[in-house]
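Understanding the architecture of this molecule
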Amino acid sequence: MAHYDTLSLTVDDDRIAQLTLDRPEALNALNSAMMAEFAAALVEATQSGARALILTGKGRAFAAGADIAEMRDRTFGSMSDANHLALWERLADLPIPTIGAINGFALGGGCEIAMMCDILIAGESASFGLPEITLGIIPGIGGTQRLTRIVGKAQAMDLILTGRRIDADEARRLGLISRVVVDGEVVEQAQVIARQIAGSSARAVRAAKECVLRADQSSLSEGLLFERRWFHSLFAFDDQTEGMTAFLEKRPARFADA
Ligand SMILES: C[C@@H](CO)C(=O)SCCNC(=O)CCNC(=O)[C@H](O)C(C)(C)COP(=O)(O)OP(=O)(O)OC[C@H]1O[C@@H](n2cnc3c(N)ncnc32)[C@H](O)[C@@H]1OP(=O)(O)O
C-alpha cells in the first residue's frame, strides 16, 4: 500500500479494505490534501481486489466536516474553478460495497461522506448533523440531495436549516444509519459485515449493489426491469449453481471468488 499523510489504507487477508481518516488533531477535518489522497486510496483499494471497504475515522470523530481554516479565505473563483469538493463523490462510484463505521462526530462533509456509504453503522455516542448554515454556507458534498432522499423534505429542512445535531438513535429512527453498536466496537462490527460480504458471490454482491442504487435513480418500472435482467444474468455463472447445490446438499457454499 502507498504511504498517505492524512489517512491510512490497509487490505487484510480476507480482502477487506479499511480506509481510516487520520487527522485526529483537527477531528479529521476534510482538507484538500486528504481529498486528493482519499481519491487515490479508493483507486488503490479497488485495484487491490478488495471485496468491501470500511471507512472510519481516527480519534473522537469520523470527520467534523470540510476544513474551515482552509476554506475561510477561498473565493468563488477558486472554489468553482477547482470544482472544490467534487473528488469526494468518487466514494459513491465505488463498485464494491462500502461500510461507514461512524465513531464520534460526523458533521458537515463528514456526515455527507457517511451518507454515501452503502451500509452505515455508528457507535452509541456518534452524532450527525449538517451545520453549514451556521457558517453562512450550505452543504457542498451532496448533503441537501442525499439527506432529502433519505429522510424526506420536512426532516431534511429541519436538519439543514437549523444545523442541529442528532444522536445515533435518532439517526437510526430517521433512516440515516442501519445499526447502532457499542462505542469502541464499531470497526469490529463493520468487519463482521464486510467478511460476510466477502464470503458471498462477488457477482451477486455487485448486482445487488447496482440494483439498490438504481432504485434511487430510476422509475419503478425501469428499476424492476434492471433487477430482473441482472437476476437472469446471474444464471450464466457458476456461483448460482454452487449456491443452490450447496443449499440442497446442506453445506456452506464455496464461491469461486470468495
Ligand atoms: C463545506 C461543508 C461540506 O459540505 C462543510 O463541511 S463546512 C464544516 C462543517 N462542520 C462544522 O461546522 C463543524 C466544526 N466543528 C465543530 O463544531 C466542533 O469542532 C465540534 C465538532 C462540535 C467539536 O467541538 P470540541 O469543542 O469538542 O472540539 P474543538 O472545536 O476544540 O475541535 C478540536 C480541533 O479540531 C478543529 N476542527 C474541528 N472541526 C474542524 C473543521 N471542520 N475544520 C477545521 N478544523 C476543525 C478545531 O478547530 C480544533 O482545533 P484547535 O483549535 O485545537 O487547533
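An account of the accompanying structure is given in this report. (Residues numbered from 1 in each chain as written. Predicted model: local features only at pLDDT ≥ 70, side-chain atom pairs only at ≥ 80, totals over all residues. Heavy atoms only, no water.)

**With respect to the site of the ligand**
Taken together, 24 residues surround the ligand, and among them Arg60, Ala66, Gly109, Glu112 and Gly140 come closest. For the ligand, a nitrogen atom lies 2.9 Å from a polar atom in the backbone of isoleucine 68. Here an oxygen atom of the ligand and a backbone polar atom of glycine 140 are 2.7 Å apart. For the ligand, whose accessible area on its own is 980 Å², the fraction buried by protein is 63%. Going through the elements one at a time, helix H2 (68–71), strand E6 (105–107) and helix H4 (109–116) are the ones with two or more residues in the shell around the ligand. Taken together, the residues of the shell around the ligand break down into 14 nonpolar, four polar and six charged. (Near = heavy atom within 4 Å. Polar contact = N/O pair within 3.5 Å; in protein donor to acceptor, adjacent residues only side chain to side chain. Areas by Shrake-Rupley, 256 points an atom, 1.4 Å probe, with all protein chains shown as cover. Helix = DSSP H or I, 4+ residues; strand = E, 2+ residues; numbered from the N terminus. Nonpolar A, V, L, I, M, F, W, Y, C, P; charged D, E, K, R; others polar.)

**Some points on unusual backbone geometry**
When glycine is set aside, most residues are seen to have a negative phi, and most peptide bonds are trans. A positive phi angle, close to 50 degrees, is found at leucine 27, a residue other than glycine. Position of leucine 27 among the secondary structure elements: in the loop between strand E2 (16–21) and helix H1 (32–47). For leucine 27, a relative accessible area of 19% gives the class buried. One non-glycine residue, asparagine 28, adopts positive backbone phi at about 55 degrees. Overall, the relative accessible area of 0% leaves asparagine 28 in the buried class. (Buried < 20%, exposed > 50% of the residue type's maximum accessible area, 1.4 Å probe, protein only.)

**Here we look at the state of the cysteines**
Within this structure, the stated rule accounts for zero disulfides. Cysteine 117 forms no disulfide, and the closest cysteine sulfur to it belongs to cysteine 111, at a distance of 11 Å. Given a relative accessible area of 9%, cysteine 117 falls into the buried group. (Disulfide = S-S within 2.5 Å.)

Any functional reading would require information beyond the geometric quantities listed.
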